[in-house]
Amino acid sequence: MNFENIILEQHDGLAQLTINRPKKLNALNKDTIQELHEAFKALEDDADTKVILLTGSGEKAFVAGADISEFAHFSEEEGKHLAKQGQEKLFDFVSNLSTPVIAAVNGFALGGGLELAMACHFRIASDNAKMGLPEVSLGVIPGYGGTQRLAQLIGKGKAMELIMTAGMISAEEALSCGLVNYVTPQDELLALGEKLASKIMRNSSVAIAAAIRAVNDNYVDGVNGFETEIEEFGACFATEDFKEGTTAFLEKRKPSFPGN
Ligand code: COA
């Protein structure tokens, strides 16, 4: 795959995707969103990819937002289209991938950048990271899922405050409100991502995909996540991974999951 705005590196089941527009603080323009869509789709279809680590290039930013220069002149209809297309192509797409995606937030994650990190399955951050949804300071609101996912992750009151003030929080504050799971020095961030990825890879990728579907269904309107859980739980019993996982436990050995 040939990309201009992102870098894809793969080894030992891990795919690292780096958003690579450092001069623009990795701001998400149309082409970058398209390339990310294509890369995530290809990685989802690649049986050898077990975990995806998403980060930004340089030491300053994960992603400083959607590219403001691209939409500053948009009409109401174009604005609606921008949000809808972006959500479908990238943000919901990532959130619904069955391959686990970890965001390694290595600096500013603002606006669309924080929305992208929040669409990932979980987040880790470097200690210089700063996060926020500054859209109302531009006269607009978050359009890539931010109004929904921030409230889901940190609670309605704190999300309202962050959105209304257009403020930024530090990595430590993000840790204390559950927006990120770990904070590390910047030069240790990717190593931590790899360590977490290797823990995930020891487990059944078939079961992990089912778990992602069940957890996500809590947030889908009109869908009962508990019912999804029952269905997915039952479906696991018909898998080779379940046979191997339980047999290996009873035989006191490490499992070798056929689905991996
Ligand atoms: N869209 C387009 N370009 C962006 C951008 C964005 N979201 N964020 C940063 N850039 C560009 C800047 O325009 C600048 O480009 P230039 O060198 O061609 O002028 C370059 O990236 C570096 O940014 P700069 O603002 O000079 O860096 P800084 O260290 O002074 O400030 C930020 C860093 C993150 C505080 C600042 O860039 C910023 O506020 N960005 C916008 C954040 C935002 O509102 N995001 C939500 C968008 S909906």
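Note that the structure is predicted; figures quoted are calculated from it, not measured.

Draft legend 1. How the structure looks around the site of the ligand. Around the ligand sit 16 residues in total, of which Lys24, Lys60, Ala64, Ala66 and Ile68 are the nearest. Lys24 has a polar side-chain atom sitting 2.5 Å from an oxygen atom of the ligand. Ala64 has a polar backbone atom sitting 3.0 Å from a nitrogen atom of the ligand. Across the complex, the protein chains shield 59% of the 870 Å² of accessible surface that the ligand would expose by itself.

Draft legend 2. Highlighting helix 1 (residues 30–45). Spanning 16 residues, helix 1 covers 23 Å between terminal C-alpha atoms, matching the ideal 22 Å at 1.5 Å per step. Among the residues of helix 1, those classed as buried are Thr32, Ile33, Glu35, Leu36, His37, Ala39, Phe40 and Leu43. Buried residues belonging to helix 1 abut strand 1 (6–11), strand 2 (14–19), strand 3 (51–56), helix 3 (76–95), strand 5 (101–105) and helix 4 (112–119).

Draft legend 3. Main features of the side chain of Thr228. If you trace the backbone, Thr228 turns up in helix 10 (residues 225–236). When near neighbours in sequence (up to four residues on either side) are disregarded, Thr228 contacts Arg213, Ala214, Asp217 and Val223.

Draft legend 4. Seen up close, the packing of helix 9 (residues 205–217) against helix 10. Contact pair helix 9 / helix 10: the axes reach a minimum separation of 8 Å and the direction vectors enclose 170°. When the axes of helix 9 and helix 10 are compared, the pair comes out roughly antiparallel. Between helix 9 and helix 10, the contacting residues are Ala210, Arg213, Ala214 and Asp217 on the first element and Gly225, Thr228, Glu229, Glu232 and Cys236 on the second. Its residues assigned to classes, the contact of helix 9 with helix 10 shows three nonpolar, two polar and four charged.

Draft legend 5. Here's a closer look at helix 10. Between its first and last C-alpha, helix 10 extends 16 Å over 12 residues, near the 16 Å set by a 1.5 Å rise per residue. Among all positions in helix 10, only Gly225, Thr228 and Glu232 are buried. Seen from one end, helix 10 has its buried residues packed into an arc of 55°, which puts them on one side. Facing away from the buried side of helix 10 by more than 90 degrees, the exposed set consists of Phe226, Glu227, Ile230, Glu231 and Phe233.

Draft legend 6. Up close: the pattern of salt bridges. Enumeration over the complete set of coordinates arrives at nine salt bridges. Put simply, Lys158 and Glu161 hold a salt bridge, and the shortest N to O gap is 3.6 Å. With Lys158 and Glu161 both in helix 6 (residues 156–165), this residue pair falls three residues apart, about one helical turn. Taking the relative accessible area as the measure of exposure, Lys158 reaches 32% and is therefore partly exposed. Salt bridges sharing common partners tie together Glu244, Glu251 and Arg253.

Draft legend 7. A look at the environment of Ala151. Structurally, the position occupied by Ala151 is in helix 5 (residues 146–154). Once the C-alpha coordinates of Ala151 and Ala174 are considered, the two residues, 23 residues apart in sequence, prove to be 13 Å apart. Discounting residues that sit within four places of it in the chain, Ala151 has contacts with Lys156 and Ala159.

Draft legend 8. Summary view of unusual backbone geometry. A positive phi angle, close to 50°, is found at Leu25, a residue other than glycine. Mapped onto the elements of the fold, Leu25 is located in the loop between strand 2 and helix 1. Leu25 sits in the partly exposed class, given a relative accessible area of 25%. One non-glycine residue with positive phi stands out, namely Ala166, at about 55°. Turning to its location among the elements, Ala166 is positioned in the loop between helix 6 and strand 9 (168–170).

Draft legend 9. Region of interest: the packing of aromatic side chains. Tallying each qualifying case throughout the model produces three aromatic pairs. Here Phe91 and Tyr144 contribute two aromatic rings whose centre-to-centre distance is 4.4 Å and whose plane-to-plane angle is 15°, an arrangement assigned as stacked. Remark: Tyr144 occurs in the loop between strand 8 (130–132) and helix 5 and Phe91 occurs in helix 3; sequence separation between them is 53 residues. There is no split in this pair, since Phe91 and Tyr144 are both buried. A connected cluster of aromatic rings, assembled from ring pairs, spans Phe233, Phe237 and Phe242.

Draft legend 10. Fine view of the sheet that holds strand 8. Taken in spatial order, the four strands of this open sheet run 4-6-8-9, and their pairing is mixed. With one partner strand each, in any of the chains shown, strand 4 (61–63) and strand 9 form the two edges of the open sheet. Sheet twist, expressed as the mean angle between neighbouring strand axes with direction ignored, is 20°. Looking at chain direction, strand 4 and strand 6 (residues 108–110) are connected through two bridges and run parallel. Bridge pairing in strand 6 places Val63 opposite Ala109. Across the sheet, helix 4 lies against strand 4, strand 6 and strand 8, angled at about 95° from strand 6, the strand it touches most.

So, how was this worked out
- Residues numbered from 1 in each chain as written.
- Predicted model: local features only at pLDDT ≥ 70, side-chain atom pairs only at ≥ 80, totals over all residues.
- Heavy atoms only, no water.
- Near = heavy atom within 4 Å.
- Polar contact = N/O pair within 3.5 Å; in protein donor to acceptor, adjacent residues only side chain to side chain.
- Areas by Shrake-Rupley, 256 points an atom, 1.4 Å probe, with all protein chains shown as cover.
- Helix = DSSP H or I, 4+ residues; strand = E, 2+ residues; numbered from the N terminus.
- Expected span 1.5 Å × (residues − 1).
- Buried < 20%, exposed > 50% of the residue type's maximum accessible area, 1.4 Å probe, protein only.
- Contact = heavy atoms within 4.5 Å.
- Axes fitted to C-alpha atoms, helices over the stretch in contact; angles between N-to-C directions.
- Parallel < 35°, antiparallel > 145°, perpendicular 65-115°, else oblique.
- Nonpolar A, V, L, I, M, F, W, Y, C, P; charged D, E, K, R; others polar.
- Arc of directions from axis to C-beta.
- Salt bridge = Lys/Arg side-chain N within 4 Å of Asp/Glu carboxyl O.
- Phe/Tyr/Trp six-rings, centres within 6.5 Å; stacked < 30°, edge-to-face > 60°.
- Pairing = 2+ DSSP bridges.

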